[in-house]
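# Summary of structural features
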Protein chains: 2
Amino acid sequence: MFDALINMIPPTALHQSDYRKGEAVFWQDDPTRGIFCVESGQINLQRAMQSGHVVTMHRATAGTLFAEASLYSDRYHCDAVCIEPASVICIEKQEFTRRLAQEPDLSLAYGKLLATQVQTYRQTLEILSIKSARDRTLVAVSCGYLSGPVTEFATRIGLTHEACYRALRQLCDAGMLIQTGRGKYALPDPA
Amino acid sequence: MFDALINMIPPTALHQSDYRKGEAVFWQDDPTRGIFCVESGQINLQRAMQSGHVVTMHRATAGTLFAEASLYSDRYHCDAVCIEPASVICIEKQEFTRRLAQEPDLSLAYGKLLATQVQTYRQTLEILSIKSARDRTLVAVSCGYLSGPVTEFATRIGLTHEACYRALRQLCDAGMLIQTGRGKYALPDPA
DNA sequence: TCAAACATATGACCGAAATCATATGCGTTT
DNA sequence: AAACGCATATGATTTCGGTCATATGTTTGA
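Residues numbered from 1 in each chain as written. Chains lettered and ligands numbered in written order. Predicted model: local features only at pLDDT ≥ 70, side-chain atom pairs only at ≥ 80, totals over all residues. Heavy atoms only, no water.

### Things to note about unusual backbone geometry
The phi dihedral of Asp 29 of chain A falls on the positive side, at around 80°, and the residue is not glycine. Among the structural elements, Asp 29 of chain A can be located in the loop between β2 (24-26) and β3 (34-48). (Helix = DSSP H or I, 4+ residues; strand = E, 2+ residues; numbered from the N terminus.)

### Section: the layout of surface pockets
Here the second largest pocket defines a volume of roughly 270 Å³. Taken together, 16 residues form the lining of the second largest pocket, with Tyr 72, Leu 100 and Tyr 110 of chain A together with Ser 107 and Leu 108 of chain B sitting closest to its centre. Elements that contribute at least two residues to the lining of the second largest pocket include exactly α2 (93-102) and α3 (104-128) of chain A together with α3 (104-128) of chain B. Tallying contributions element by element places α3 of chain B first for the lining of the second largest pocket, with six residues. Taken together, the residues of the lining of the second largest pocket break down into 10 nonpolar, five polar and one charged. (1 Å grid on protein atoms, 1.4 Å probe; cavity = no way out; pocket = protein on both sides within 12 Å on 5 of 7 lines; lining within 4 Å. Points joined across faces, edges and corners; volume = space filled by probe spheres on them. Nonpolar A, V, L, I, M, F, W, Y, C, P; charged D, E, K, R; others polar.)

### Brief notes about the packing of aromatic side chains
All names here are of chain A. Within this structure, the stated rule accounts for 13 aromatic pairs over all chains. Measuring from centroid to centroid gives 5.2 Å for Phe 36 and Phe 66, while their planes differ by 10°, and the two rings are stacked. Of this pair, Phe 36 sits in strand β3 while Phe 66 sits in strand β5 (residues 65-66); the two residues are 30 residues apart in sequence, bridging distant segments of the chain. Each member of the pair, Phe 36 as well as Phe 66, is classed as buried. By the ring-pair criterion, three or more aromatic residues cluster together here, those being Phe 26, Phe 36, Phe 66 and Tyr 76. (Phe/Tyr/Trp six-rings, centres within 6.5 Å; stacked < 30°, edge-to-face > 60°. Buried < 20%, exposed > 50% of the residue type's maximum accessible area, 1.4 Å probe, protein only.)

### Things to note about the interface of chain B and chain A
Contact residues are listed per partner, giving 36 residues for chain B and 34 residues for chain A. Taking both sides of the interface into account, the surface hidden between chain B and chain A amounts to around 3,200 Å²; carbon and sulfur atoms contribute 66%. Ranking the residues of chain B by area buried against chain A places Tyr 72, Arg 122 and Leu 125 of chain B at the top, with a combined share of 22%. Joining chain B to chain A, the criterion identifies one salt bridge. (Contact = heavy atoms within 4.5 Å. Buried area = accessible area lost by both parts, 1.4 Å probe. Salt bridge = Lys/Arg side-chain N within 4 Å of Asp/Glu carboxyl O.)

### Let's talk about the packing of helix α4 (residues 133-142) of chain A against helix α6 (residues 161-173) of chain A
All names here are of chain A. It is the contact of α4 with α6, at a shortest axis distance of 9 Å, that shows an interaxial angle of 80°. With respect to their mutual orientation, α4 and α6 come out roughly perpendicular. Contacts from Ala 133, Arg 134, Thr 137, Leu 138 and Val 141 of α4 reach α6 at Cys 164, Ala 167, Leu 168, Gln 170 and Leu 171. Tallied by class, the residues present in the contact of α4 with α6 amount to seven nonpolar, two polar and one charged. (Axes fitted to C-alpha atoms, helices over the stretch in contact; angles between N-to-C directions. Parallel < 35°, antiparallel > 145°, perpendicular 65-115°, else oblique.)

### Details of the protein's contact with DNA strand C
In the vicinity of DNA strand C lie 21 residues, with Tyr 165 and Gly 183 of chain A together with Ala 133, Thr 160 and Ala 163 of chain B positioned nearest. Each atom of DNA strand C within 4 Å of the protein belongs either to a base or to sugar and phosphate, the latter forming 67%. Residue Thr 151 of chain A places a main-chain N or O atom 3.2 Å away from a phosphate oxygen belonging to DNA strand C. One of the backbone nitrogen or oxygen atoms of Gly 183 of chain A is found 2.8 Å away from a phosphate oxygen of DNA strand C. When residues of the surface near DNA strand C are assigned to their parent elements, the largest contribution, four residues, is made by α6 of chain A. Across the surface near DNA strand C, the residue classes tally to seven nonpolar, six polar and eight charged. (Near = heavy atom within 4 Å. Polar contact = N/O pair within 3.5 Å; in protein donor to acceptor, adjacent residues only side chain to side chain.)

### Side note on the pattern of salt bridges
The full count for this structure, using the stated rule, is 10 salt bridges over all chains. Residues Asp 173 of chain B and Arg 169 of chain B are paired through a salt bridge, measuring 3.9 Å at the closest nitrogen-oxygen approach. Linking Asp 173 of chain B with Arg 169 of chain B, this pair stays in helix α6 (residues 161-173), spanning four residues, or about one helical turn. A relative accessible area of 60% places Asp 173 of chain B in the exposed class. One network of salt bridges, with partners in common, ties together Glu 95, Arg 98, Arg 99 and Glu 103 of chain A.

### A short note on empty space enclosed by the protein
Counted according to the given criterion, the structure contains two cavities of 30 Å³ or more. Quantified by volume, the largest cavity comes out at close to 170 Å³. Contributing to the lining of the largest cavity are 16 residues, with Gln 119 and Arg 122 of chain A together with Leu 45, Ala 67 and His 77 of chain B lying nearest its centre. Broken down by secondary-structure element, the contributors of at least two residues to the lining of the largest cavity are α3 of chain A together with β4 (54-61) of chain B.

### Regarding the protein's contact with DNA strand D
In the neighbourhood of DNA strand D, 22 residues make up the surrounding shell, with Ala 133 and Ala 163 of chain A together with Tyr 165, Gln 179 and Tyr 185 of chain B lying closest. Between a phosphate oxygen of DNA strand D and a main-chain N or O atom of Ala 133 of chain A, the distance comes to 2.4 Å. Arg 166 of chain B has a polar side-chain atom sitting 3.4 Å from a base nitrogen of DNA strand D. Every element with two or more residues in the surface near DNA strand D is listed here: α6 of chain A together with α5 (150-156) and α6 of chain B. In terms of residues, the surface near DNA strand D owes the most to one element, α6 of chain B, which gives four residues.

### Considerations on the domain arrangement of chain A
All names here are of chain A. Splitting chain A by domain gives domain 1 (3-123) and domain 2 (130-183). Computed from C-alpha atoms alone, the centre-to-centre distance between domain 1 and domain 2 is 28 Å. Here domain 1 packs against domain 2, burying approximately 550 Å² in sum over the two surfaces, 37% of which is carbon and sulfur. Summed over the shared surface of domain 1 and domain 2, the result is zero salt bridges. Elements that contribute at least two residues to the side of domain 1 that touches domain 2 include exactly β4 (54-61) and α3. (Domains from an automatic or database assignment.)

Pasting the structure below:
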């Protein structure tokens, strides 16, 4: 939850906006306006590769922040695209940075935020380091990466959706996963 | 590097320890003592899944921090096991947290350290998202990832050393890289 | 409500990278 | 100097996942 952060920032430095599916909060290389809080909906943090295809770097869901690292850079380094109608609050960069230096509580909360992000990236890197599509898929599911569509999940863990579907099928056949519905998979009960 | 941090912490709040392969720095659900700096060796951050098998979440190497998030939780949420004889420094949680709140310089340095890590991880993620071994190798070299042995470089970018050598050979043949020595490659002058 | 877009799935085929094998260069260590 | 470990390097074979094709279910919005 980002309430702790929000409450330390004067309302004049906060800017709420609504986005519809497909709309962008910002684009890569836009000048950094600030960091964002997702009140509702979902925002995809993604980067367009030089080859043209898009890789999802993070999926910001209700109650989470995104673009925290923008405080340390002049330009956003990825696109933020709404994938589910969202309400988003922007915290002005300048005001936030100023208060970071002055208010220990805010600084502490901010540190926690960054530490959590680092943790997430490390886990993603670890998952990507798994060569076998089957094993990678299993670990990713175990770590709760499969929350939305399988296609999205597949790109997040560096697989084509076909390879991902095949891996899921294999894992179900092997009894290591259970299909709970169309496009829905869960870990079996550790009975 | 964590020297900047260490120098701002009184030695009484620092605890150096040596670990041998297989020994644990901490176990999941242990009360959090603090965050750790790896001077040498390697520490595996891993978690036992409910299914029983162990998932590696991160591999902490020399010059890096781990368990940063422990500052914000009472218990460690994974095991830290030595996988290569290691020297590790523990920064006492209470003292570090106290100083973070009181000393803006430390807070700033810590924030920057974490932010830098975020940037690095994102760059690595981008590199890993490049499917072609040739292109991935080229980008990785461009980003300065090839500093040590090629074998180590190869594993860092998710390739076998054989595939990496072949990619380097191809890139040299195509004139996109120049071999400056045995196991040494550089970008050609953009003349 | 109807079409378009998207997601779920699976099969066939192919190619790139992993694997296996081999050889040599280089720096220690004994 | 000889032996050993490690890195460099490349060739042959295999395998796994990408690409392409196809079909159907589901959501969305016009």
